[in-house]
Amino acid sequence: MAVKNEALARIANPETKVFWEAAARGGLRLPKCTSCGRFHWYPRRICPHCGSTTIEMHAAKGTGEVYSYSIMRRAKVPYAIAYVRLTEGTTMMTNVVDCDFDDIQIGMPVKLVFRDSPEGYPLPMFTKA
Amino acid sequence: MSIKGRAYIAGAYEHPTRKAPDSSLAQLHAEVALGALADAGLTLRDVDGYFCAGDAPGMGPMSMVDYLNLKVRHVDATDTGGTSYLIHVSHAAQAIAAGKCDVALVTLAGRPRSEGQATGTAVRPLNPNQPDTAFESPFGPALANMYGMVARRHMHEFGTTSEQLAWIKVAASHHAQYNPHAMLRDVVTVEDVLNSPMIADPLHRLDCCVISDGGGAVVVVRPEIARSLKRPLVKVIGAGESVKGQLGGDVDLTYTGAASSGAAAFEEAGVKPSDIQYASIYDSFTITVLVQLEDLGFCAKGQGGRFVADGNLISGVGKLPFNTDGGGLCNNHPANRGGMTKIIEAVRQLRGEAHPKVQVRDCRLALAQGTGGSLGTRHANATLILERE
């Protein structure tokens, strides 16, 4: 656990600690503004849609679809980066994993999986639903 | 207050080097400064305003002001990546109009080639204090795959093809063959682009700009000074700038901040896209050109693929000659920032000093368009409209 805390310290700041702690427990939390009712991404304490500071973290459904993607062929191990539009309506950058790169398409339904980074912090990624 | 007609670009200089292992960064900035001042017929002693961005060594403008021993009364180190220098020209015009300086020097230089930077494929480092990077860097965003996502979405929404994107590189290569300083002077075909290695789908190696050392500078002056010099009069008549990001999670990769920077510049200049005779369009990747052409209004949104195809961007062949120096795709992308060279080639065209094979006849109205940062995440755009008086 101590190692994991060190890993989290490398990625979290005081504003985003709550997100990464939830991620360490295997949950994707999405910030939602109680004033305008909208989700946003990436997580902030101040709503980018209306400026309100009344943000609550909600458990994500963990589903969405690929908005766009690109396969980095020049990397030592090629990988698929993507924007996934979540069912809640907000769009996050992520990786599409555990599927054939040739199967990935815009509009493809995806579901949440967690993977640890090489440094040991948990990352929300997606795979074909 | 409008800047229309309040300032002129009196000096412009592009460093001839494309690889400078034996030069220092400060030296390159100084060499382009001297080059642009000599071009204008001015000296370092005439400079009272200095503009630079994050490529300059040291903190903001201070190291270069000290190195050149300038006596300045106005400085601006706005850094919006590759488009900074277009914004500097606009800010210099504002400062001149407000009486804050008379002769503004803008410099850019860098040595990414000598330093061996893998510019397009390197992932940005994670910094927890930068609010976005913790939610992006772990997934491997580099420049090539971020622009790859822009291209992929454009293809999905509008049917744009890799062949159409390739025409942008083909046009740039037709121009670069006449530029003795260009890194890549061979004319290429659509097939050459499609057969080059895939970097980040759907972008091939030849969809990407070069990595080069070098730099450039411009000198912006008040009208009375411009008229006292012996150079053709290139007047700043419109400018716009913008920053666009992920819109709080409403990510939309189909348009750029050029939509608003362009609209502002055209309104200030009092001209429309069909009036423009030559356009310098930021070309970090082929898709960068295509989306900005749409956003500037040279064609309707989604029609960029058809607009660039069949040589429409080739000088003497198509309707909109672009990047007649070969652009970032073939000529030069010093410091990984292509904005300065966009201004310089527009000035050459307006002066009638472009290569005769690519010179637009009686070129009186030109546009320069810049992008900084990443169109896939957050970026700045700037538009300049310049007129030969």
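**A few points about the overall build of chain B**
Summing up its helical and strand segments, chain B has 12 helices and 11 strands in all. Computed over C-alpha atoms, the radius of gyration of chain B comes to 19 Å, within 12% of the 21 Å expected from 2.2 N^0.38 for 389 residues, which places it in the range of a compact globule. Seen along its three principal axes, the alpha-carbon backbone of chain B occupies a region of about 55 × 50 × 40 Å. Split into buried and exposed, the 389 residues of chain B put 64% on the buried side. A separation of at least 24 residues holds for 76% of the contacts in chain B among residues at least 6 apart in sequence. With 35 positive and 39 negative side-chain charges, chain B shows a separation of 4 Å between the mean positions of the two kinds.

**Quick look at the environment of Val-66 of chain A**
Residue and element names in this part refer to chain A. Here Val-66 lies in strand 3 (residues 63–72). By relative accessible area, Val-66 is classed as buried at 0%. For the pair Val-66 and Val-110, spaced 44 residues apart in the sequence, the C-alpha separation amounts to 7.1 Å. Those residues in contact with Val-66 that lie beyond four places of it in its chain are Tyr-83, Val-96, Gln-105, Ile-106, Gly-107, Met-108 and Val-110.

**Description of the nonpolar core**
Formed by 92 residues in total, the largest nonpolar core has its most connected members in Trp-20 of chain A together with Ile-287, Leu-313 and Ile-385 of chain B. Residue contacts for Trp-20 of chain A: discarding those within four places in its chain leaves Leu-8, Ile-11, Ala-12, Pro-122 and Leu-123 of chain A together with Ala-134 and Phe-135 of chain B. Within the second largest apolar cluster, 38 residues are counted, among which are Ala-7, Phe-51, Leu-108 and Met-340 of chain B.

**Observations concerning the pattern of salt bridges**
All names here are of chain B. What the rule picks out here adds up to 32 salt bridges over all chains. Arg-73 serves as the salt-bridge partner of Asp-102, at 3.3 Å between the closest nitrogen and oxygen. Residue Asp-102 is found in the loop between helix 3 (84–97) and strand 4 (103–110), and its partner Arg-73 is found in the loop between helix 2 (62–68) and strand 3 (74–76); the two are separated by 29 residues along the sequence. Under the relative-accessibility criterion, Asp-102 is labelled partly exposed at 23%. Residue Arg-73 is classed as partly exposed on the basis of its relative accessible area, which comes to 47%.

**What to know about the packing of aromatic side chains**
Across all of its chains, the model carries 8 aromatic pairs over all chains by this definition. Both rings, one in Trp-20 of chain A and one in Tyr-121 of chain A, keep their centres 6.4 Å apart while their planes meet at 65°; by these two values the pair is edge-to-face. Within this pair, whereas Trp-20 of chain A is found in helix 2 (residues 17–24), its partner Tyr-121 of chain A is found in the loop between strand 6 (109–116) and strand 7 (122–128), the two being separated by 101 residues in sequence. When the ring centre of Tyr-42 of chain A is taken as origin, the NZ or CZ atom of Arg-44 of chain A, which lies over that ring, is 3.8 Å away. In this structure, Lys-244 of chain B is placed above the aromatic ring of Tyr-255 of chain B, and the distance from its NZ or CZ to the ring centre is 4.1 Å.

**What about the interface of chain B and chain A?**
Chain B puts 40 residues into the contact, and the matching count from chain A is 40 residues. The contact between chain B and chain A buries some 3200 Å² in all, and 60% of this surface belongs to carbon and sulfur atoms. Counting the surface chain B buries against chain A, the share from its top three residues, Phe-135, Phe-139 and Met-149 of chain B, is 26%. Taken together, the connections running from chain B to chain A amount to 2 salt bridges. Of the charged contacts, one joins Arg-73 of chain A and Asp-201 of chain B as a salt bridge, the two residues approaching to 2.9 Å between their closest N and O atoms.

**Quick word on helix 3 of chain B**
Residues and elements named next belong to chain B. Here helix 3 contains 14 residues, and its C-alpha end-to-end distance of 20 Å stays within 8% of the 20 Å for a straight helix at 1.5 Å per residue. By the criterion of burial, helix 3 is predominantly enclosed, with 13 of the 14 residues buried. Where helix 3 ends, the next residue or the one after it, Gly-99, has phi of about 80°, a positive value.

**With respect to the pairing of strand 6 of chain A**
All names here are of chain A. Here strand 3 pairs with strand 6 via 3 bridges, running antiparallel. Residue pairing for strand 6: Gly-64 is matched across the bridge by Val-110. Sheet topology note: the strand 6/strand 7 ladder contains 7 bridges and is antiparallel. When the bridges of strand 7 are listed, Leu-112 appears paired with Phe-126.

**Comments concerning the packing of helix 5 (residues 162–176) of chain B against helix 9 (residues 286–296) of chain B**
All names here are of chain B. Put simply, helix 5 and helix 9 touch, their axes get as near as 9 Å, and they point 100° apart. In terms of orientation, helix 5 and helix 9 fall into the roughly perpendicular class. Counted together, Leu-165, Ile-168 and Lys-169 of helix 5 and Thr-286, Ile-287, Val-289 and Leu-290 of helix 9 form the full contact between these two elements. For the contact of helix 5 with helix 9, the residue count by class is 5 nonpolar, 1 polar and 1 charged.

Each value, and the rule that gives it
By convention here, each chain's residues receive numbers from 1 onward along its written sequence. Here the convention is simple: chains get letters from A, ligands get numbers from 1, in the order in which they are written. Local features in this predicted model are restricted to residues of pLDDT 70 or higher, and side-chain atom pairs are both shown and tallied only at a pLDDT of 80 or more, whereas totals for entire chains, interfaces and linings draw on every residue. The side-chain quantities take in all heavy atoms of the structure and omit both hydrogens and water. Only DSSP runs of H or I covering at least 4 residues are called helices, and only runs of E covering at least 2 are called strands; the numbering of each starts at the N terminus. Computation of the radius of gyration draws on C-alpha atoms, with the globule rule given as 2.2 Å multiplied by the number of residues to the power 0.38. Summary of the burial criterion: residues with accessible area below 20% of their type's maximum are buried, those above 50% are exposed, and those between are partly exposed, where the area comes from a 1.4 Å probe applied to protein chains only. Contact between two residues is taken to exist if any of their heavy atoms lie within 4.5 Å; hydrogens are not considered. Neither His nor the chain ends is counted toward charge; the positive residues are Lys and Arg and the negative residues Asp and Glu. We put the charge of a Lys on NZ, of an Arg on CZ, of an Asp on CG and of a Glu on CD. As used here, the term nonpolar core means buried Ala, Val, Leu, Ile, Met, Phe, Trp, Tyr and Cys residues forming a set that is joined through side-chain atoms within 4.5 Å. Salt bridge, as used here, is a side-chain nitrogen of Lys or Arg placed within 4 Å of a carboxyl oxygen of Asp or Glu. Put simply, two rings from Phe, Tyr or Trp (the six-membered ring, in Trp's case) pair if the centres are within 6.5 Å, and we call them stacked under 30 degrees between planes, edge-to-face over 60, tilted for the rest. Distance and angle both matter: a charge sits over a ring if NZ of Lys or CZ of Arg is within 6 Å of the ring centre and within 35 degrees of the ring normal. Here the buried area means the combined drop in accessible surface, using a 1.4 Å probe, for two parts upon being joined, counting both sides. Each helix should span, by expectation, one fewer than its residue count multiplied by 1.5 Å. Any two strands between which DSSP finds at least two bridges are classified as paired. To define axes, lines are fitted to C-alpha atoms, for helices over the stretch in contact only, and angles between the resulting N-to-C directions are given on a 0 to 180 degree scale. Each angle receives one of four descriptions, namely roughly parallel if under 35 degrees, roughly antiparallel if over 145, roughly perpendicular if within 65 to 115, and oblique otherwise. All residues other than Ala, Val, Leu, Ile, Met, Phe, Trp, Tyr, Cys, Pro, Asp, Glu, Lys and Arg, Gly among them, are scored as polar; the first ten of these are nonpolar and the last four charged.

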